[in-house]
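These are the residues of each chain, in order.
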Amino acid sequence: FPADTKILTGHNRMTTHGNAGFNCNNHPFWGKTKDGHFALCHNGVLHNYRYVQLVEHLPETKIETDTYAAVQLIEKYGSLNFSTVAKMCETVGEQFLFTILDDKNRLYIAMNGNPICLLHFENLGLYLYTSTVSIMKEVLKDSFLAKEPCVRVNVDDGDIICIDSKGGIEKSRFNLCEYWNYRGYSAYRSDYEEEITEQLYQVAEMNGISRDDINLLLDIGYGEEEIAMMIYDPEILEVCLEETRMYFEVDECI
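The written sequence of each chain sets the order in which its residues are numbered from 1. In keeping with the model being predicted, local features are shown solely for residues with a pLDDT of at least 70 and side-chain atom pairs are shown and tallied solely at 80 or more, while totals for entire chains, interfaces and linings include all residues. Only hydrogens and water are removed before side-chain values are computed, so all heavy atoms of the structure are retained for them.

Draft legend 1. Layout of unusual backbone geometry. Within the chain, histidine 57 stands out as a residue other than glycine whose phi angle is a positive 55 degrees. Mapped onto the secondary structure, histidine 57 falls in the loop between helix 1 (49-55) and helix 2 (68-77). Within the chain, asparagine 105 stands out as a residue other than glycine whose phi angle is a positive 60 degrees. Mapped onto the secondary structure, asparagine 105 falls in the loop between strand 3 (96-102) and strand 4 (107-112). Secondary structure elements are taken from DSSP: a helix is a run of H or I of four residues or more, a strand is a run of E of two residues or more, and numbering for both begins at the N terminus.

Draft legend 2. View of empty space enclosed by the protein. The pocket and cavity definitions rest on a 1 Å grid over protein atoms only: a 1.4 Å probe that fits but cannot leave marks a cavity, an open set with protein on both sides within 12 Å along at least five of seven lines marks a pocket, and residues lining either have an atom within 4 Å of a point. Grid points are joined across faces, edges and corners, and a volume is the space filled by probe spheres set on the points. For the structure shown, the criterion picks out 1 cavity of 30 Å³ or more. Roughly 40 Å³ of volume is contained in the largest cavity. In this structure, the largest cavity is lined by Thr33, Asp35, Gly36, His37, Phe38, Leu80, Asp102, Asp103, Lys104 and Arg106. Residue classes in the lining of the largest cavity are distributed as 2 nonpolar, 3 polar and 5 charged. Residue classes follow a fixed rule: Ala, Val, Leu, Ile, Met, Phe, Trp, Tyr, Cys and Pro count as nonpolar, while Asp, Glu, Lys and Arg count as charged, and any other residue, Gly among them, counts as polar.

Draft legend 3. Quick look at the sheet that holds strand 6 (residues 126-130). Ordered in space as 6-5-7, the 3 strands form an open sheet in which the pairing is antiparallel. Edge positions in the open sheet fall to strand 6 and strand 7 (151-153), since each of these has one partner strand only. Adjacent strand axes in the sheet meet at a mean angle of 30 degrees when their direction is disregarded. Here, strands pair whenever DSSP counts at least two bridges between them. Summarising the sheet, strand 5 (residues 117-121) and strand 7 pair through 3 bridges and their orientation is antiparallel. Among the inter-strand pairings, leucine 119 is bridged to a residue of strand 7, identified as arginine 152. For every element, the axis is a line fit to its C-alpha atoms; helices are fit only across the contacting stretch, and the angle between N-to-C directions ranges from 0 to 180 degrees.

Draft legend 4. Summary view of the nonpolar core. If you look at the biggest cluster of nonpolar residues, it comprises 30 residues, and the most contacted ones within it are Met88, Phe98 and Ile100. When residues of this core are traced back to their parent elements, those giving at least two are strand 2 (36-44), helix 1, helix 2, helix 3 (82-92), strand 3, strand 4 and strand 8 (159-163). Top element by residues in this core is helix 2. It accounts for 7 residues. Any pair of residues with heavy atoms lying within 4.5 Å of one another is described as a contacting pair. Setting aside residues up to four positions removed in sequence, methionine 88 forms contacts with Ala70, Leu73, Ile74, Tyr77, Phe98 and Ile100. In these notes, a set of buried Ala, Val, Leu, Ile, Met, Phe, Trp, Tyr and Cys residues joined through side-chain atoms within 4.5 Å is what counts as a nonpolar core. Exposure classes here rest on a 1.4 Å probe applied to the protein chains alone. A residue is buried below 20% of its type maximum, exposed above 50%, and partly exposed in between. Ranked by size, the runner-up nonpolar core spans 15 residues in total, among them Tyr201, Ala204, Ile209 and Ile227.

This is the structure:
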């Protein structure tokens, strides 16, 4: 890494929207405003991203991933600060955990429903975060950090925090919205898209796959082309169905 590196971000994707084989669909996503460049990562699924792109008149791009709508909104607002991050969060109105790093080494974290475990190692001048406590324990288990004193920084739904390059923290809030009702999203589908989906059902049934399983994958955001590819690769199909069922189980618990 460059000698002046301040922040490292890693992201392991559960692919929903956008083929991960095309790197433009993978996190982090780059954006630019008058304030400079930024990189955005996202934990969650924006089931309504097409609707947001439509009503907000966001430009079409080759990027297929739902997360990119959040980048486009900040670019549309023209700057990156507490106000524009809050406006973006309120517009997407979903479950999410956004992390946004600008080119001045400021890290914004915005939370609504999806977890974060953020630790501050004050003696080291270090912040470390993962999505869950259990993952954090695995990270620390065989690390020198396991012996270092730290405190957990509390982040609640509706919080936006900003950590600057010197480790200082500022906090703000955004208005919590009801989660998008992704089940029943078909109201925004065209007759042509409905016809394609019906063909997908027929192909699935010919291969012993139920309509309920196809609906699960559609509900979480997989496209028809991606599901069609899964039908002919039972191993990948089963992994994706298992992840999807787990997601909806967690969602119902929340």
